Amino acid sequence: MSDVVLKLDGVEKFYNKDLAGEIHVLRGVDLDLKAGEMVALVAPSGAGKSTLLHIAGLLDEADVGVVEIGGKELGGTSDRRRTKARREDIGFVYQFHHLLPEFSALENISLPQMANGVSKKAAAERAQELLDTVGVAHRAHHRPAELSGGEQQRVAFCRALANKPRILLADEPTGNLDPATSDQVFDALMRLVRETGLAALVATHNMALAARMDRVVRLENGVLVDGQADAVA
Ligand code: ADP
């Protein structure tokens with residue numbers, strides 16, 4: 001069996017289709033992302049990184065092409081199947097953490113599990129383990145506003161992995177952090193990815209971080225090309 005967990009094949013996306021201001025943002029994106037692999041996605045702002053991540057994460061639909069998760073084509077299937085795959089197979093992390101302000105770190109990680117039918121106790125145990133992995137266990141009962149930016153983002157990683165997805169999609173996850181914090185947060189992310197064996201696609205502008213991943217792909221003129229981290233300005 002193939003260990004490709006996310007496959008994009010000939011993915012195209014238009015905005016403002018059939019209007020004078022049409023933008024052909026993705027022009028045939030191909031990607032094979034394997035279990036245990038951490039891939040950096042680099043591109044200039046406006047190149048279509050967020051669009052690509054949203055299509056890969058089934059939050060948006062491709063106009064042309066195929067999106068397969070775990071060997072199943074889900075690009076054009078019903079909302080119900082897409083929602084299920086999104087909930088079970090995909091974890092998302094954004095530049096800003098989007099944690100729920102009125103809940104503690106532990107609760108933020110427990111709630112998505114409870115929504116999937118896990119008991120409160122088991123959810124809290126897993127949340128605590130995840131927090132431990134990223135070095136934030138001692139902040140479990142604090143609300144997001146009481147945590148530093150780096151701690152908030154580490155909690156957001158834990159939340160994204162709470163339901164044991166097969167794929168992690170991250171959009172500039174260290175983009176709003178200072179360089180030292182960014183390194184710490186990235187270390188935590190790598191530890192989580194390595195320990196869980198999931199596949200991660202991480203959009204970043206930080207070339208030092210990109211170089212630490214297993215490989216780098218560049219989004220250039222609407223297609224993905226293999227890239228060297230140091231070759232990207
Ligand atoms: P990136 O994440 O690389 O900065 P995006 O995927 O956000 O790029 O956007 C790629 C291009 O598509 C940009 O030119 C942007 O203005 C355009 N775009 C993104 N979303 C929309 C939308 N909903 N409607 C029209 N144009 C959009």
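Use the structure listed above.
Residues numbered from 1 in each chain as written. Predicted model: local features only at pLDDT ≥ 70, side-chain atom pairs only at ≥ 80, totals over all residues. Heavy atoms only, no water.

*Asks:* Just to check I follow, could you spell out the packing of helix α3 (residues 105–115) against helix α5 (residues 149–161) for this structure?
*Replies:* The axes of two packed helices give the description: the angle between them and the distance between them. Relative orientation of the contacting elements α3 and α5 amounts to 20°, with a least axis distance of 8 Å. The angle between the axes of α3 and α5 places the two elements in the roughly parallel class. Classified by chirality, the crossing of α5 by α3 is right-handed. For the pair formed by α3 and α5, the contact residues are A105, N108, I109 and P112 on the first element and V155, C158 and R159 on the second. Partitioning the contact of α3 with α5 into residue classes produces five nonpolar, one polar and one charged. (Axes fitted to C-alpha atoms, helices over the stretch in contact; angles between N-to-C directions. Helix = DSSP H or I, 4+ residues; strand = E, 2+ residues; numbered from the N terminus. Parallel < 35°, antiparallel > 145°, perpendicular 65-115°, else oblique. Left-handed = near helix turned anticlockwise from the far one by under 90°. Contact = heavy atoms within 4.5 Å. Nonpolar A, V, L, I, M, F, W, Y, C, P; charged D, E, K, R; others polar.)

*Asks:* Could you clarify how one ought to interpret the packing of α5 against helix α6 (residues 179–196) in this entry?
*Replies:* Relative to each other, α5 and α6 sit at 20°, their axes nearing to 9 Å. The angle between α5 and α6 places the two elements in the roughly parallel class. The crossing of α5 and α6 is right-handed. Along its contact with α5, which presents G150, Q153, R154, F157, C158 and L161, the element α6 presents T181, Q184, V185, A188, L189 and L192.

*Asks:* Looking at this model, I keep getting lost on the pairing of strand β4 (residues 64–69). Mind explaining?
*Replies:* Within a regular beta strand, the side chains point alternately toward one face of the sheet and then the other, so they alternate between its two faces. Relative to β4, strand β1 (residues 4–15) is paired through five bridges, and the arrangement is antiparallel. Bridged to D9 within β4 is V66. Bridge count for β4 against strand β5 (residues 72–73) is two bridges, and the pairing is antiparallel. Along β5, the bridge assignment pairs E68 with E73. Connecting the antiparallel pair β4 and β5 is a turn made up of two residues, with G70 showing a positive phi of about 55°. (Pairing = 2+ DSSP bridges.)

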